[in-house]
Amino acid sequence: MFWRKKRRLEDFTEEIESHLALEADQVRESGEADPDPEATARRAFGNVAAVREAFYERSRWLFWDHLRRDLRHALRLMQRRPGFSAVVILTLALGIGANTAIFSLIDAVLLRPLPYREPGRLAMLWTDDPAHDDHEGRVALLNFQDWKNQSHTFQDLTLFCGQTFLLGSNGAPERARSARVPANFFPLLGVEPILGRVFSKDEEKRGERVLVLSYGLWQRRFGGSSQALGSDLIMDGRSSRIIGIMPSQFQYPFADTQVWEPITTHPSWNARDRLSPRSFAIWYVLGRIQPNVTWSQAKAEMSSLARRLKAEHPDNEVPGISVVPLHTQTTGKVQLPLAVLFGSVFLMLLIACTNVANLLLARGSAREREFAVRRALGAGSMRLAGQLLTESLVLACVGGLLGLLLAAVGLRALIAFGPQDIPRLAEAHLDLRVLLFTLSLSLFAAILSGLWPALQTAKPFTGSRQWRTVASRGVRNLLVIAEFSLALVLLTGAGLLVHSFLLLRTVDPGFRPDHLLTMRVDLHVGKTGAQQVAYFREAIERVQVLPGIRSAAAIGRFLNSYGEESVTVEGHPLTPSGGGFKAADDVISGPYFETVGIPLKMGRFFSDRDRRGSPPVAIVNEKMARTCWPNESPIGKRFSFPDRKSAPSFTVVGVTGDMHRQGIERQVAPQVFRPHSQSPDNEMDILVRTTSEPLNIAAAVRGEIQSIDKTVAKFGVAMVERQLGEQTAERRFHMSLIALFSLIALLLSAIGIYGLMHYFVVQRAQEIGVRMALGARYGNVLLLVLRQGLALAGIGALVGTVGAFGLTQMLSSLLYGITPTDPITFALAPTILIGVAALACWLPARRAARIDPVLALRQD
Amino acid sequence: MPSQTDDNERLLQGTLDLLILQTLVLGARHGQGIARSIQQQSEDVFLVDHGSLYLALQRLEEKGWVGGKWGVSENNRKARFYTLTAKGRSQLTQKANQWRRVARAISLIVGPEKAEA
């Protein structure tokens, strides 16, 4: 009962003393002649010290008392052996810190719920087209309406699409993105504005020009003033009234959403969207399922709905509907890489703990004398083990604190250098959850690294000292083997990722990305086709003559073209296998192929004669030529896009080389290029090939284009080489981290085996001395030690390889160009590991070989 | 064999507790007085181990069966006096009854004292 005031030992002692005095009085009174009544009294009492001790032990919570003393002792020891403590603490700090950093990243990206009401019931709905391996196609308006009206598992469905617009009217307009949404968008997500209101169903129906502003734009344009409500915002020259402001953390659906407007207010609503056919799929669909409905029920209902719709509308392009929970949608692609990252960083912690366990074991055998004394003074095995465990607890906690510091620094670096496309990465921070994680990790590390050494060291003598040394060495050998096998698993995983990355870098993109600048230019809505053609032609001509520029051209969208469209080839029956044939379609202006560096394989490029009114022409890539016209020349052949109204037939005039536009990792898609002059558009990427450092020229290009028309807004100038790099940024991010972890693991294992072999040499100095006295050479001794160390590393590598075979399967979807059992990696990883082990064993081996036999034999 | 000693101790402790409580029925006493009283009343059969007595007193005090207070003995020495609490009194009744039952049962089995045949 620790809450009651304890009686102090002094009080108890006093009582015993009073007893002795009373007893002595009694002896005196009894009349017997006793020369020393006090001694008689004490004799009658028995062992005073034992009673006091018994009182002491029962009078308090011994556990805490021991803990307090052990803590004090551990802290003293830590100060006395700063070198040893520093190594242990740093090792643990590295492991705990890395784990903490990765955990807080995973916590922010995967674990924390999305900031909407009951986010677990939200899902995206897509057009599912298995024939084209496209499971996340956008949705046509008519289809959406059918889904919304006929689904019972979904409480409500909403839709949205993104639209870029020019913000402001005078001088330099700014490009911004709006989300066109119906009135039920906000209640479906369960979000509310911090100021004002969102638009109503009536306002949506009437197509009223109202909008809701993002927090960021509100701060930027209106300085966060409530005056913003009711004022007007000029979008593409039309003004709309601001009626609400969303909270700062609400950005859905796009990372750069600045404005939410009713879908009905955009000019394209009446011109195109409202009347578009079922093949015109530009909408994203978001739904909330009914409570008590499972995802599999919702999926089942939607697929039967899709079958019904297909039967009702034979022209319907929707073979299926896929339902993807919103959490999966936002984090699905990063789940596996993050899990792999966490796995590898945890492996690293295990290695760190193994290393520390090894150090503690070595330390334990060095402290044998201390423990012998303690045992002689009455300490039991459990008591000794408790003390040792407390020591490792202290080390782990200090390591954990330092690790927290490392994690804070590391996390900042991760966010700064991490790729932009990992959702919610920037939100990662150290909070209470992370602190709890770190604390439990430290306890885990303390027990993992300290328990075995504690029990081992505290074990009472059961045999000779020699036996004990041998037994402890057996355990330490096992630890080193474990360490090496863990390190090999990590190294193999990292090797596979690095190999994939290297292979990816050797992929020929099909063009020359160096010295290439791009700049997105968007003309105001409302220019005629002829004006658009003239504008881009002038822009290209003016940029081309700037100093330092070799050539310039323009294309609808350079990297990542829009979705692909169905193509009908004249004179060929439809498609080889199911689903229609699809190709990407882009318009170009100027000497595009020469500028980008794509070779012409057949036919001709476009010329000035390919203009409005002349026969529609097209250039296709080799992939399309091979697919549509195998074994014949495509030149002069004709094809059309059946989904387009008033679709003319295009005549193929040229074939060019393939180019990876949809991303280096994706397959090249069939591609159609058409002249901008025959199908004008208001938005293009201007491409510029420079003769010198492109960044120096960027400003001149921007100025030149700006001078043509002040009302045109541009995206910033970007270097294509850098844009290509961003495509692989996420891969590089994960790869670099895992490579870093495996390097640390390698280093730790090297330290581990070094420590063990060093100990081995010190322990066996005498034996080695005898060997040398009996004629062993320098080389023999060197080999003796090296063989011992390499045997351990070899066994570890073997076990690790077996483990890696099992574990790398998980990586398969992250690899490029190799299988999870890539022989090169599987050969290289153990080689590196054993090489490092040999280096680490070399130092103790040399020390052994230099032992002076005379000195060694004189010991003891 | 820890379990066996535990059993013995528990038995002895129980007895000692009962004796202490019984001694305190007549009024407050200090530890030495209790020891002497037990020895005298048992006609020198029970030689109380003084160390165990004080530990037992401490235990009883923690349980709240007796209360301890420093005072002055009849021959003017400082001593810690123990008194029976209400809780201790009811415990005594219970334990004494229990003891009598056990003693009666044992004496029934062992039988009355007989002359050696």
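Rules behind the numbers
- Residues numbered from 1 in each chain as written.
- Chains lettered and ligands numbered in written order.
- Predicted model: local features only at pLDDT ≥ 70, side-chain atom pairs only at ≥ 80, totals over all residues.
- Helix = DSSP H or I, 4+ residues; strand = E, 2+ residues; numbered from the N terminus.
- Expected span 1.5 Å × (residues − 1).
- Contact = placed C-beta atoms within 7 Å.
- Nonpolar A, V, L, I, M, F, W, Y, C, P; charged D, E, K, R; others polar.
- Domains from an automatic or database assignment.
- Pairing = 2+ DSSP bridges.
- Core = buried A, V, L, I, M, F, W, Y, C linked by C-beta atoms within 7 Å.
- Buried ≥ 20, exposed ≤ 12 C-beta atoms within 10 Å, placed from the backbone.
- Axes fitted to C-alpha atoms, helices over the stretch in contact; angles between N-to-C directions.
- Parallel < 35°, antiparallel > 145°, perpendicular 65-115°, else oblique.
- Left-handed = near helix turned anticlockwise from the far one by under 90°.

1. Examining helix H4 (residues 86-110) of chain B
Residues spaced three or four apart along an α-helix point in a common direction, a consequence of the helix completing one turn every 3.6 residues.
Here comes step 1: An ideal rise of 1.5 Å per residue puts 36 Å on 25 residues; H4(B) measures up with 36 Å between its terminal C-alpha atoms.
Here comes step 2: Once H4(B) finishes, Gly111(B) follows within two positions and takes phi at roughly 85 degrees, a positive value.

2. Considering the interface of chain B and chain A
Here comes step 1: With 14 residues of chain B at the contact, the number on the chain A side is 17 residues.
Here comes step 2: Of all the secondary structure elements, the ones that give two or more residues to the side of chain B that touches chain A are helix H2 (31-41), helix H3 (50-63) and strand E3 (78-84) of chain B.
Here comes step 3: Residue classes in the side of chain B that touches chain A are distributed as three nonpolar, seven polar and four charged.

3. Description of the domain arrangement of chain A
Residues and elements named next belong to chain A.
Here comes step 1: Considered domain by domain, chain A is made up of domain 1 (119-331), domain 2 (332-506 + 729-858) and domain 3 (525-710).
Here comes step 2: Distance from the C-alpha centre of domain 1 to the C-alpha centre of domain 2: 52 Å.
Here comes step 3: Counting residues at the interface gives four residues for domain 1 and four residues for domain 2.
Here comes step 4: Across the side of domain 1 that touches domain 2, the residue classes break down as no nonpolar, four polar and no charged.

4. Focus on unusual backbone geometry
Residue and element names in this part refer to chain A.
Here comes step 1: Along the chain, Tyr252 connects to Pro253 via a cis peptide bond; the corresponding omega equals 5 degrees.
Here comes step 2: Relative to the helices and strands, Pro253 resides in the loop between strand E9 (238-245) and strand E10 (257-262).
Here comes step 3: For Asn292, which is not glycine, the phi dihedral falls at a positive 70 degrees.
Here comes step 4: Looking at where Asn292 falls in the secondary structure, it is placed in the loop between strand E11 (281-289) and helix H11 (295-312).

5. Looking at the sheet that holds strand E2 (residues 66-72) of chain B
All names here are of chain B.
Here comes step 1: Across the sheet, which stays open at both edges, the three strands sit in the order E1-E3-E2 with antiparallel pairing between neighbours. Strands with a single pairing partner mark the edges of an open sheet, and in this sheet they are strand E1 (29-30) and E2.
Here comes step 2: In terms of strand pairing, E2 meets E3 through seven bridges, oriented antiparallel. Bridge pairing in E3 links Val72 to Lys78.

6. Concerning the nonpolar core
All names here are of chain A.
Here comes step 1: With 97 residues, the main nonpolar core has Leu92, Met348, Ala487, Leu490, Ala745 and Ile753 as its most contacted residues.
Here comes step 2: When residues in this core are grouped by element, the largest group, 16 residues, is from helix H22 (residues 729-763).
Here comes step 3: Counting 54 residues, the second largest nonpolar core, distinct from the first, contains Leu157, Val181, Phe199 and Leu326.

7. Topic: the packing of H22(A) against helix H25 (residues 823-849) of chain A
Residue and element names in this part refer to chain A.
Here comes step 1: The N-to-C vectors of H22 and H25 enclose an angle of 25 degrees; their axes lie 8 Å apart at closest approach. With respect to H25, the axis of H22 lies roughly parallel. Taken as a pair, H22 and H25 cross one another with a handedness that is right-handed. In this structure, H22 uses Leu746, Ala750, Ile753, Tyr754, Met757, His758 and Val761 to contact H25, whose residues at the interface are Val836, Ala837, Ala840, Cys841, Leu843, Pro844, Arg847 and Ala848.
Here comes step 2: Looking at the contact of H22 with H25, its residues break down into 13 nonpolar, one polar and one charged.

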